Amino acid sequence: MPMAATEAASYGRPAITPELAATLVAQRYGLTGAVTELGSQQDRNFLLRPDTGPSGASVGALVFKVFHPATDAAVVHDQVAAMTALASAGIEAPAPVAAADGTLVQRVALDGADHFAVALRFVEGEQLVDERHLPTHLVTGLASLVARVSRALADVPATADRETQWDLRHAATVVSEFAPAVPEDRRGRLLAVTERAWARVQQVADDLPVQLIHGDITDDNVVARTVDARPRVVGVIDFGDVVGSWRIGEVAVTLASMLHHDLDDHGVLRAMTATLEQGLAADDGLPLTPAERSALWPLVQLRCAVLVASGWQQLAVDPHNTYATTRMAHEWRSFETAAGLDADAMAALLLPREDADASTTEAPAALLALRGVDGGSPTPLSFAPDGDDAPSRLLLRPDTEALVLHHALARHPLVVVPQREPRVTSARPGVRPDRQHTYPLAAESVSRGGHELVTLSDAIVLSAGPGTLHVRIGAHRLEVADVQPSPAYVPGALLTAGESLGRATPLDQVSTHADGSTTTLEHARHHLRLRLLPASAAIDLPWDCPADLAPGYGALVAGTDAALGLATSGTDHAVDAASEQARRNAFLPDNTERYYARPPVFVRGWRSHLLDADGRAHLDMVNNVAAIGHSHPRLQAAVTRALGRLNTNSRFLYRDLADLSERILETTRGADGTSPYDSVVLVNSGTEAVDLALRMATIATGRRQVVTHAEGYHGWSTAADAITTSAYDNPHALDSRPSWVTVTDVPNAFRGTHRGEGAGAAYAADLNGVLDGLVDAGTAPAAVIMESILGNSGGVVPAAGYSVAMQEAAHRVGALTIADEVQVGYARTGESFWAFQAEGVTPDVVVCAKAMGNGVPLGAVITRKEISDQLGREGTFFSTTGGSPVACAAGLAVLDVLADEALQANAKAVGDHLAGRVAELAERHESIAAVHGRGLYRGIELVTDRDSLTPDAALTAAVCEALLARGVIDQATSERQNVLKVKPPLTLTVEEADSYVDALDEVLSRKWF
Ligand SMILES: Cc1ncc(COP(=O)(O)O)c(C=O)c1O
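Residues numbered from 1 in each chain as written. Predicted model: local features only at pLDDT ≥ 70, side-chain atom pairs only at ≥ 80, totals over all residues. Heavy atoms only, no water.

Student: Help me understand the overall build of the protein, please; the structure alone is not making it clear to me.
Tutor: Secondary structure assignment for the protein yields 27 helices and 41 strands. Dimensions of the protein, computed from C-alpha atoms along their principal axes, come out at roughly 105 × 90 × 50 Å. Counting the 1009 residues in the protein, one finds 56% classified as buried. Taking all contacts inside the protein whose residues are at least 6 apart in sequence as the whole, residues at least 24 apart take part in 73%. Carbon together with sulfur atoms contributes 51% to the accessible area of the protein, which is approximately 40,600 Å² in total. (Helix = DSSP H or I, 4+ residues; strand = E, 2+ residues; numbered from the N terminus. Buried < 20%, exposed > 50% of the residue type's maximum accessible area, 1.4 Å probe, protein only. Contact = heavy atoms within 4.5 Å. Areas by Shrake-Rupley, 256 points an atom, 1.4 Å probe, with all protein chains shown as cover.)

Student: I would appreciate a short explanation of unusual backbone geometry in the present structure.
Tutor: Apart from glycine, the bulk of residues carry a negative phi angle, and the bulk of peptide bonds sit in the trans form. A positive phi angle, close to 50 degrees, is found at Arg607, a residue other than glycine. Residue position: Arg607 is located in the loop between β27 (602-606) and β28 (609-612). With phi around 55 degrees, Leu949 is a residue other than glycine that occupies positive phi space. On the secondary structure map, Leu949 appears in the loop between β38 (937-942) and α26 (953-965). With relative accessibility at 9%, the residue Leu949 sits in the buried group.

Student: Teacher, can you tell me more about the packing of aromatic side chains here?
Tutor: Two aromatic rings are characterised by how far apart their centres lie and by the angle between their planes. Considering all chains together, one arrives at 9 aromatic pairs under this definition. Here the aromatic rings of Tyr29 and Phe64 are separated by 6.3 Å at their centres, their planes lie at 75 degrees, and the arrangement is edge-to-face. Linking Tyr29 in helix α2 (residues 18-29) with Phe64 in strand β3 (residues 62-66), this pair joins segments that are 35 residues apart in sequence. A relative accessible area of 6% places Tyr29 in the buried class. Accessibility expressed as a relative area gives 3% for Phe64, which makes it buried. Three or more aromatic residues link up through ring pairs in this structure, and these residues are Tyr677, Tyr826, Phe833, Trp834 and Phe836. Here the basic side chain of Lys65 rests over the ring of Phe67, its NZ or CZ set 5.5 Å away from the ring centre. (Phe/Tyr/Trp six-rings, centres within 6.5 Å; stacked < 30°, edge-to-face > 60°. Lys NZ or Arg CZ within 6 Å of the ring centre and 35° of its normal.)

Student: What exactly am I supposed to notice about the site of the ligand here?
Tutor: Taken together, Ser685, Gly686, Thr687, Tyr713, His714, Gly715, Glu787, Asp820, Val822, Gln823 and Lys850 make up the full set of residues adjacent to the ligand. One nitrogen or oxygen atom from the main chain of Gly686 is found 2.8 Å from an oxygen atom belonging to the ligand. Between the ligand and Gln823 there is a distance of 3.2 Å, counted from an oxygen atom to a side-chain nitrogen or oxygen. Contact with the protein chains removes 83% of the 390 Å² of surface that the ligand exposes when unbound. Considering only residue class, the shell around the ligand consists of 2 nonpolar, 6 polar and 3 charged. (Near = heavy atom within 4 Å. Polar contact = N/O pair within 3.5 Å; in protein donor to acceptor, adjacent residues only side chain to side chain. Nonpolar A, V, L, I, M, F, W, Y, C, P; charged D, E, K, R; others polar.)

Student: Where do I start with the pattern of salt bridges in this structure?
Tutor: Once their charged atoms are close, side chains differing in charge can pair, the charge on each being opposite to the other. Applying the stated criterion across every chain yields a total of 45 salt bridges. With its nearest N and O atoms 2.4 Å apart, the salt bridge here joins Lys1007 to Glu126. With Lys1007 in the segment after α27 (990-1004) and Glu126 in the loop between β6 (113-121) and α4 (136-153), the pair connects residues that are 881 residues apart, well separated along the chain. Of the residues examined, Lys1007 reaches a relative accessible area of 41% and is grouped as partly exposed. Judged by relative accessible area, which is 38%, Glu126 ranks as partly exposed. When the shortest N-O distance is used, the salt bridge between Arg917 and Asp998 registers 2.9 Å. (Salt bridge = Lys/Arg side-chain N within 4 Å of Asp/Glu carboxyl O.)

Student: Is there a simple way to think about the sheet that holds strand β36 (residues 859-863) in this case?
Tutor: Paired through backbone hydrogen bonds, the strands of a sheet run either parallel or antiparallel to each other. If you walk across this open sheet you meet the 7 strands as β30-β36-β35-β34-β33-β31-β32, and the pairing is mixed. The open sheet is flanked by β30 (679-683) and β32 (741-744), the only strands paired with a single partner. Here the strands of the sheet are splayed against their neighbours by 20 degrees on average, with no regard to which way each runs. Here strand β35 (residues 845-848) runs beside β36; their pairing, made up of 3 bridges, is antiparallel. Within β36, the residue paired with Cys848 across the bridge is Ala860. The sheet contacts of helix α20 (residues 759-776) involve β31 (706-709), β32 and β33 (783-787), and relative to β32 the element is tilted by about 155 degrees. (Pairing = 2+ DSSP bridges. Axes fitted to C-alpha atoms, helices over the stretch in contact; angles between N-to-C directions.)

Student: What am I meant to see in the confidence of the model for the protein here?
Tutor: Chain-level pLDDT for the protein is 93 on average; 96% of the residues reach the 70-or-more range. Here residues 1-10 is modelled with pLDDT under 50, and outside its nearest four sequence neighbours on either side it reaches 17 contacts, counting other chains as well. (pLDDT = per-residue confidence, 0-100.)

Structural data, given as structure tokens:
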């Protein structure tokens, strides 16, 4: 020290104007064109867009670079060699262009001093640095670039003997040299982290492979372009930091530059290092060495520390440098992120090794014991998402943990929750999955009357403080929190097997939660947490972590449960989604619909949320079947009760069938209190209801033809599929309808044949034409069927006046109308119980399902008895489980809950609120073309531009994937797959609707997907 880079700053940049640069380029390279200056800290860079090349051919843009006069010839040589090597490896890099005299490096005299100059190919594209969110594929693309660069430079000799502040081999010196410029409140932490990281690197420094590295492959210096509609990292620029140094330093620099970005989760960094490992090892390359593995995260920490220290140093020299000031915020954010993650945990997470030595974490069984005051032993509890000790009704509240433990203590005096299982009780609705700390990094014990922790082996006290005790047991360190150790326990005190390590701390009867709310419990509790770590582990590990960090942190504390003698299934709880998908795919037909590229595995639902195998809550915006919310206790109780009493078929006499049918008819009453219907037939599904409705209509009218609307989905059975016209579900649908089906236009006034005002009448005129044609052909139709809101068109309300006109038209030719309310009925649209009621029509037949049983198979055909009785002309009717006692019990419970919880009114209030907020979003996001629907049956239509209304299916799919990483379950719908479904459980609250809209806002604000 001082380092070359800081030294150079004292000379000032080369004195050259754009005009002089243009003259030099013309003289030396024979090129003319527009010249503009680009930024550089020490050198001068000019962009030249040549008019034509020497031979008359057009050449691409060039950067004319004049080096700082203090630049060493060997440094220029190494940079030129690196750029040339990358270009010949097919990596887009600023390849040096030969001057007219055939040389790559020119000498230019300016102000009497000699300067080196080069002309480089300009790499077209955009930087990543300013975009907060980076999609995973872009980050792994960056990692694969780093691997390619490393390999391309592996055999290029480093000729310069260079010392720069950016070479991580000097990181500790740089930080300490610049530390005085760092504000005092940050300096101590910066130096402490640096010291610890440096010590770790030093343990392996001699074994770290050295080669020529670019040294600055960051979000600033890589270039991305859109290729095949996706942003891709294509190349790298700025070779000013090329140096012979640790190969792993190249990786650390890149990784560090990702930390101020918003990544989907830490799994992205894991994907990054996996790509790197593969890239480095491919084709007999040099795989990461054990030394490199253990140095990676400390080097990331050091890189961040260097950036922070040199940023403050720059501000000290140049206090008005606004660029440096803004950079400091993200440099500090990166530093805090890097420093906050333990190096061992990150090594286990980022670079897991199959041959990893488990002996450091595995602990001998029965090393410790928990003992109640009465001498009782603890009962293990499982808060795992698929465990039974945390009832759903207590989940997703701020006081969940306190309540669940409290309830457990009502049954057992002393309980212990193991460390290795994710805790569904820690799920946090509305919080991104990667910030829900569902993985405990300690076992927890709670008792009613008090308990203590006993060592079953000799131990030495390492430290004891208020509520904490650290003890050395064999090769491990035991950390106990919320403990009252004996005052005699001072560092060095020896404990013998059988001695108490301390008593659990009594907790307040009032427990205060993170959101400030409180719960008062009946009785006080005593609680204590403990974990066993390798003796070498850091001493400030967190007490819990999110699932994406669990493979790292969890590996460190793996021995805790065994030490307590607890038999837990451990990581078995974390289901591997990919192998689960493969298991399912093995026997399902290929055309079976699936959600998501990498679907989460869900193990629970509660109200408007789904909980995955890692215990994390996701807001469910698509499960319209779970109308009264997931896992409703009243539904569970009703079905359980029925199952325990009687479940048989509807040829037997039992009361529930009539009870449910009467209750369904009640929902169809008009303002005068009467219902237009007097017949209900209970079946198992929407498909079955549609199929039966078609049979009723054809038998009752004695006709065969059915008129259906374009873009509709009505089910999968032969008849329901015949009237299904969705080109999304079946691209050949319109060409392959059987002769008894006639398709009429879908009355979509937003993007259909007729639009805007008057569209309803125009569609009605078309329908009348279709019907007249059928009558003229001697095939007058039996029925006209339509969804009361056009679900498969994206939740579009039919063009104004169409539903009424359709009813009149059908009746004019003697056809019945069938309203498909499988999706939209049952309180969802808010204004009315049935969607047709808001349309001012009275269909002859109504079919419904989905919400009716809230997931228990149940559907119905509602009509007039004069119609349903006609079925008898073609035999008897019977559906084995349709309307069974269990199905009816479910149906009745659903109706009770809808009424008692006023869910129809909620659908209206929350649905209107949500639609209003999305309309506000549309003012900022051009891609939102419309919010369709009513109540909590909505569709948010996304387009590439509003004039052409070109559907943006790619964006819609990407938004759904992005929302998943934000903890929101949403899916694309419509014929064009460009509509976001909004059909959540009707329990959705205003806060939940807001969190959906906020997540959507954030995702739509992204530049790259
Ligand atoms: C409008 C409509 N009708 C009928 C059906 C078929 O219902 P199910 O899947 O219960 O057979 C569906 C299913 O999505 C539907 O959306």
